[in-house]
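Below are the chains, spelled out letter by letter.
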Amino acid sequence: MRDRTRRLARLVPATAITRLGRRFPAVSLALRNLSRQRLRAGLAALGIVIGVFAVVALGMLGTALQTAATEELGGLGDQVIVSPAAESGEETLDSRDLVAVERAAAGRGTVIPLKSTGGTVSGGGSRTVAQVYGTTNPRPLFGDAPGVPDYHRQGALVGADVAGALDLRVGSQITIESNTYRVVAVLPPQSSITPLRADSAVVLPPDEFVTDGFSQVVVQADSGGDADAVARDVRERLNARERRVSVFSLTSVLDQITEFFALLNGFLLAVAGVSLVVAGVSIFNVMLMTVSERRGEIGVLRAVGIHRDQVLRTLLVEATLLGVGGGVVGVLLGTAGVVLVALNTDLPLDAVLVPTNALVALGAFAFGATVALVGGLYPAYRAAWEPPVESLRG
């Protein structure tokens, strides 16, 4: 019984191979031909592996860097800052300006009017310089740390750097311009880039300021597109006759950063693509040598009635198998390499595992297979169209 089982186990692969050969004779014959020249075929496939690996690694890294930078600067691109224009002669924005900004931002974001000034903050026997802001709505700008109120009526919110310099905590006392305030919350460290210096800020209720107007109005837009629309609408409403306000939006800067990364990715992919072209030349050389060594074999096949299309198909399948095998290995190695880089550096893994990188891997694989196919096209054509008599003489 055991001998019978062993015989059946041996017959299963043979039967599968036989069925493959009957259904796809060109594939079966190509696999046999490649297995007879394993070293040469392996070296040719290695060129594809290196080329695809380079394309995948550089392409994924470039995309990951662009994604990480966009996420880091995303909050900056969603902000629109409106302040008095220098040529207007005004130092503050009045209530009419605030109403115009609120109408422009309706349904597109949150409007936060700010009063601001510089000042010296004392506390715990030390002092430091801070940017003092006045607003009733600090949460959209300065985070949602415990204690940050939705409506700021009393006390002071201090930034992380100010709290560290003066050794402050909730309940501590600080003094600004001979006025004493109780610390009601310590703002979390600012992780993203923003024109508002939250880490070195002290936020007070706006009633603590002498001026009635606002130093600036910040619109925290819902998206970068909304920020562009708000900035455009504010300019149309307030600067139609004369330039009364300055509208500052960094969405255009983010667009330039995106264009830079796109250019960088293109350059990296072009450099990596050169290695794939070199791999295609190596496959061309391997296939040309293979055809030269097998001229007699090909001549016999043609002489016994094998059509030239079948010869062409078999040789092209050999080149394609080299490209497919090398492409798969290159994609796996390149992806694993980028993931290892992300795990051992500050590059977020989420920035690597994005749909765009899947397209990069798929495109690199397709490019590798195409390069291999093109590399084997001329040798296959030359072998298939050579007269059988000339092949047998060769």
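Parameters at a glance
- Residues numbered from 1 in each chain as written.
- Predicted model: local features only at pLDDT ≥ 70, side-chain atom pairs only at ≥ 80, totals over all residues.
- Heavy atoms only, no water.
- Helix = DSSP H or I, 4+ residues; strand = E, 2+ residues; numbered from the N terminus.
- Buried < 20%, exposed > 50% of the residue type's maximum accessible area, 1.4 Å probe, protein only.
- Contact = heavy atoms within 4.5 Å.
- Areas by Shrake-Rupley, 256 points an atom, 1.4 Å probe, with all protein chains shown as cover.
- Expected span 1.5 Å × (residues − 1).
- Axes fitted to C-alpha atoms, helices over the stretch in contact; angles between N-to-C directions.
- Parallel < 35°, antiparallel > 145°, perpendicular 65-115°, else oblique.
- Left-handed = near helix turned anticlockwise from the far one by under 90°.
- Arc of directions from axis to C-beta.
- Polar contact = N/O pair within 3.5 Å; in protein donor to acceptor, adjacent residues only side chain to side chain.
- Salt bridge = Lys/Arg side-chain N within 4 Å of Asp/Glu carboxyl O.
- pLDDT = per-residue confidence, 0-100.

Asks: Could you give an account of the overall build of the protein, naming the residues involved and the relevant values?
Replies: Along its length, the protein carries 13 helices and 9 strands. Across the 394 residues that make up the protein, the buried fraction comes to 42%. For the protein, the proportion of contacts with a sequence separation of at least 24, taken over those separated by at least 6, is 79%. Of the accessible surface of the protein, which amounts to about 21200 Å², a share of 58% is contributed by carbon and sulfur atoms.

Asks: So what about unusual backbone geometry? Which residues, and what values?
Replies: Non-glycine residue Asp167 carries a positive phi angle of around 55°. Along the chain, Asp167 turns up in the loop between helix H6 (160–166) and strand E5 (173–176). Positioned with a positive phi, Ser178 is a non-glycine residue whose angle comes to about 70°. Relative to the assigned elements, Ser178 resides in the loop between E5 and strand E6 (179–186).

Asks: Can you tell me about helix H7 (residues 224–238), naming the residues and giving the values?
Replies: Here H7 spans 21 Å end to end across 15 residues, near enough to the 21 Å set by a 1.5 Å rise per residue. For H7, the set of buried residues is Ala227, Ala229, Val230, Ala231, Asp233, Val234 and Leu238.

Asks: Which residues make up the packing of helix H4 (residues 95–104) against H7, and what are the values?
Replies: Relative to each other, H4 and H7 sit at 140°, their axes nearing to 9 Å. Comparing their axes, H7 and H4 come out oblique. Note that H4 runs across H7; the crossing there is right-handed. Taking contact as the criterion, the partners of Asp97, Ala100, Val101, Arg103 and Ala104 in H4 are, on H7, Val230, Asp233, Val234, Arg237 and Leu238.

Asks: A description of H4 should follow, citing residues and the corresponding values.
Replies: For H4, the full list of buried residues reads Asp97, Leu98, Ala100, Val101 and Ala104. Buried residues along H4 cover an arc of 160° about the axis, so they all sit on one side. Exposed residues on H4 whose side chains face more than 90 degrees from its buried face are Ser95, Arg96 and Arg103. Structurally, H4 contributes buried residues whose contacts are with strand E1 (79–84), strand E2 (109–123), strand E8 (216–221) and H7. Capping the start of H4, Asp94 holds a side-chain oxygen 3.1 Å from the backbone nitrogen of Arg96, two or three residues further along.

Asks: Please give an account of the side chain of Asn357 that cites residues and values.
Replies: Counting through the fold element by element, Asn357 comes out in helix H12 (residues 355–385). By relative accessible area, Asn357 is classed as buried at 1%. At 3.5 Å, the side chain of Asn357 forms a polar contact with the side chain of Thr63. Leave out the neighbours within four places in its chain, and Asn357 touches Gly59, Met60, Thr63, Ala64, Ala351 and Val352.

Asks: Summarise the pattern of salt bridges; cite the residues concerned and give the values.
Replies: This model, assessed by the stated rule, comprises 6 salt bridges. Notably, a salt bridge pairs Asp97 with Arg244, separated by 3.0 Å at the nearest N-O pair. Linking Asp97 in helix H4 with Arg244 in the loop between H7 and strand E9 (245–249), this pair joins segments that are 147 residues apart in sequence.

Asks: Any chance you could break down the environment of Val230 for me, citing the residues and the numbers?
Replies: With respect to the helices and strands, Val230 occurs in helix H7. Since its relative accessible area comes to 0%, Val230 is described here as buried. Spatially, the C-alpha atom of Val230 lies 9.6 Å from that of Val247, the residues being 17 residues apart in sequence.

Asks: So what about the pairing of E8? Which residues, and what values?
Replies: Walk down a regular strand and you will see the side chains alternate between the two sheet faces. Of all 6 residues that make up E8, 6 are buried, and the element is covered over most of its length. A two-sided burial pattern is seen for E8, the buried positions comprising Gln216, Val218 and Gln220 on one face and Val217, Val219 and Ala221 on the other.

Asks: Give a description of the environment of Leu373 that names residues and reports values.
Replies: Mapped onto the elements, Leu373 comes out in helix H12. Each C-alpha atom, one on Leu373 and one on Gly323, is 7.2 Å from the other, the two residues being 50 residues apart in sequence. Setting aside residues up to four positions removed in sequence, Leu373 forms contacts with Leu316 and Thr320.

Asks: Explain the confidence of the model for the protein to me, using residue names and the numbers behind them.
Replies: For the protein, the average pLDDT comes to 78, and 79% of its residues sit at 70 or higher. Looking across the protein, the model is least confident in helix H1 (residues 2–23), with a mean pLDDT of 47, and most confident in E5, with 90. Residue range residues 4–14 is modelled with pLDDT below 50. Its contacts to residues more than four positions away, or to other chains, number 0 contacts.

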